[in-house]
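# Working through the structure, step by step
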Amino acid sequence: MAFDYDLVLKGGEVVDPAQGLRAVRDVGFKDGLVAAVEADIPPAVAAEVVDVAGKLVAPGLIDLHGHFAHRIYPYRADPDSYCLAVGVTTAVDAGSVGWANFQAFRDYVIGRVDTRMYAFVHLSTLGLTTLTTMGIPDLEDFRWARAEEAIRCIQENRDVVLGVKVRLSPTGTTAANAVPAIEMARRVADETDSKMMVHVMESPLPLDQVFGYLKAGDIATHIFHGDVHNVLDEAGQVRQHVREAQQRGVVFDTAGAMRHCSIPVSRAAVEQGVPPDTISTDRNQPRSGMVNYDLLEHMSIFLELGVPLDDVIRMVTVNASDAIGREELGTLRPGSIGDAAVLELEEGEFGFEDGLGNSLRASRRFAPVLTVKDGARWRPRWS
Ligand SMILES: [Zn+2]
């Protein structure tokens, strides 16, 4: 017999900020899409019913900043094991590769994994390869910055490429090349009508100067770092130009791995009414001694810092789908892509750290239960 639904998640607490919805609902999926969100879907009309009573049901989560060029070069994370396993159905690679190694990433990773992937192309020809493998800054030698090749790469891959990545840092552009690099990135983004994602930690340029290059929709990543030129002034207050940049649409993204997101700076920003727009991981292949949390752990940190639960979910669903310009993602509105994250909000005593010597004790944390991708329950290929 034909069923109305391929899968129904039954009795969970649906949290879908895009619809302003938080209520106990059944969610039905059909042909890869969300087909219904209703108070009661009879089990008999579904091919598979999963009881998720007492769990949270969110749209499939989106990680706006990770490094997933797995096996293209060392230390890049395998997307499926670090994304789908924890409810992340869509992941964005933040400039791991440049125009010269993008095609390998596309063919051997993006095209082969179950995770839905998008990417920023690094302004440097080889992306982060030189830094990660040899400690050589991305754009120490400015001959590696190739605007025309980057433009062509973006144009030829617009289905998966969102724009251009540039890292303002001693390990990125270096101080000498910061201005020429961000000017070139601006030109690349403008000529391709795409976005710019800018790494602002350890930037040789003050934030207000950096914001001068950014348009609405561009992404300032590692925005709550604790280094020089951070969002706080000497008195610990969020700088006025920071508020203005967020208000005019610059996306504030946390990208919290290693030491890139300070707990005290994040706490001050949240308390002063400047929460992040998106929470992301900066996920790499885990290495010992390095803070490298998954997205649920980063969400748990911001929940403990006082961001309401609905807003935490908003930052990894509809805010992130807005940031990547894909309105069919990040919501459970019927007709949307059929991705969902079923989560448990665990209570207990949990500890988090930021890699800068700051730690946080939390009484709640998000834990994964199951992931729905394209309307079907996702199961790892390795199980
Ligand atoms: Zn990164």
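Residues numbered from 1 in each chain as written. Predicted model: local features only at pLDDT ≥ 70, side-chain atom pairs only at ≥ 80, totals over all residues. Heavy atoms only, no water.

### Comments concerning the sheet that holds strand β9 (residues 161–167)
In a beta sheet, neighbouring strands are held together by backbone hydrogen bonds and run either parallel or antiparallel to one another. Our working rule: Pairing between two strands is assigned when DSSP locates at least 2 bridges connecting them. Secondary structure counts use DSSP, requiring at least four H or I residues in a row for a helix and at least two E residues in a row for a strand, with both numbered from the N terminus. The axes used here are C-alpha line fits, helices contributing only the stretch in contact, and every angle between their N-to-C directions lies in the interval 0 to 180 degrees.
Ordered by their spatial adjacency, 7 strands build an open sheet running β6-β7-β8-β9-β10-β11-β12, and the pairing between neighbours is parallel. Since the sheet does not close on itself, it has two edges, and those belong to β6 (61–66) and β12 (251–253), each with one partner. The sheet shows a mean angle of 25° between the axes of neighbouring strands, taken without regard to direction. Alignment of strand β10 (residues 195–199) against strand β11 (residues 219–221), held across 3 bridges, turns out to be parallel. Looking across to β11, one finds that V198 is bridged to A220.

### Section: the side chain of D63
Our working definition: Summary of the burial criterion: residues with accessible area below 20% of their type's maximum are buried, those above 50% are exposed, and those between are partly exposed, where the area comes from a 1.4 Å probe applied to protein chains only. The positive count covers Lys and Arg only, the negative count covers Asp and Glu only, and His and the chain ends enter neither. Every case where a carboxyl oxygen of Asp or Glu lies within 4 Å of a side-chain nitrogen of Lys or Arg is listed as a salt bridge. Under the rule applied, a polar contact is a pair of N or O atoms within 3.5 Å (in protein, one hydrogen donor and one hydrogen acceptor; residues adjacent in sequence only if both atoms are side-chain atoms).
Counting through the fold element by element, D63 comes out in strand β6. For the buried D63, no salt bridge exists, and the shortest N-O distance to an oppositely charged side chain is 7.2 Å, to R283. Here H65 takes part through its backbone nitrogen, which lies 3.2 Å from a polar atom of the side chain of D63. Within the structure, D63 has its side chain in polar contact with the side chain of T281 (distance 2.5 Å).

### Structural notes on helix α7 (residues 240–247)
Threshold: The arc refers to the directions leading from the helix axis to the C-beta atoms.
Within α7, burial applies to V242, A245 and Q246. Within α7, the buried residues cover an arc of 95° as seen down the axis, which keeps them to one side. Note on α7: the residue one or two positions beyond its end, G249, has a positive phi of about 110°.

### Points about the nonpolar core
Inclusion rule: Joining through side-chain atoms within 4.5 Å is the link that ties buried Ala, Val, Leu, Ile, Met, Phe, Trp, Tyr and Cys residues into a set, and such a set is a nonpolar core. By the convention used here, residues are in contact when the closest approach between their heavy atoms is within 4.5 Å.
Formed by 91 residues in total, the largest nonpolar core has its most connected members in F102, L123, F211, M299 and F366. If we skip the residues at most four places from it in the chain, F366 touches L56, L296, M299, S300, L303, L309, V312, I313, L343, E344 and L345. The next biggest cluster of nonpolar side chains, apart from the first, holds 17 residues, and it includes L9, V14, V27 and L332.

### A look at the coordination of the zinc ion
Working reference: metal with six octahedral donors, ideal angles 90 or 180 degrees; metal with four tetrahedral donors, ideal angle 109.5 degrees. Note the following rule: The rule for donors is simple: N, O or S, within 2.8 Å of the metal, or within 3.2 Å if the metal is Na, K or Ca. Water isn't counted, so a site may look like it is missing partners.
Protein coordination at the zinc ion: the donors are H65 (NE2), H67 (NE2) and D282 (OD), at 2.1 to 2.2 Å from the metal. Sequence spacing of the donors to the zinc ion: H-x1-H-x214-D. Of this pair, H65 sits in strand β6 while D282 sits in the loop between α8 (263–271) and α9 (295–304); the two residues are 217 residues apart in sequence, bridging distant segments of the chain. Pair check on accessibility: H65 and D282 agree, each one buried.

### Side note on the pattern of salt bridges
On inspection of all chains with the given rule, the structure shows 23 salt bridges. Measuring nitrogen to oxygen at the nearest pair gives 2.9 Å for the salt bridge that ties R186 to D190. Of this pair, R186 and D190 both sit in helix α5 (residues 178–192), separated by 4 residues, roughly a single helical turn. Residue classification places D190 among the partly exposed residues on the basis of a relative accessible area of 37%. A salt bridge links R361 to E349, with the shortest nitrogen-to-oxygen separation between them at 3.0 Å.

### Remarks on the packing of aromatic side chains
Rules: Between 30 and 60 degrees the pair is tilted, below 30 it is stacked and above 60 it is edge-to-face, where a pair is any two Phe, Tyr or Trp rings, Trp via its six-membered ring, whose centres lie within 6.5 Å.
Under the counting rule described, the total for this entry stands at 3 aromatic pairs. Ring geometry for F102 versus F105: centroids 6.3 Å apart, planes at 85°, classification edge-to-face. In this pair, F102 and F105 are both assigned in helix α2 (residues 99–110), 3 residues apart and thus about one turn of the helix distant. Neither F102 nor F105 differs from the other in exposure class; each is buried. Aromatic pair F211 and F252: ring centres 6.0 Å apart, planes at 15°, arrangement stacked. Of the two residues, F211 is situated in helix α6 (residues 207–211) and F252 in strand β12; the sequence distance between them amounts to 41 residues.

### A look at the side chain of H225
Here H225 is to be found in the loop between β11 and α7. Among the residues examined, H225 registers a relative accessible area of 0% and is labelled buried. At 3.3 Å, the side chain of H225 and the backbone oxygen of V200 are in polar contact.

### Observations concerning α2
Of the residues making up α2, those classed as buried are N101, F102, F105, V109 and I110. Buried residues of α2, seen end-on, are gathered within an arc of 125° and therefore sit on one face of the element. Those residues of α2 that are buried lie in contact with α1 (79–82), β7 (88–98), β8 (116–122), α3 (129–134), α4 (147–156) and β9.

Geometric values such as these leave the question of function open.
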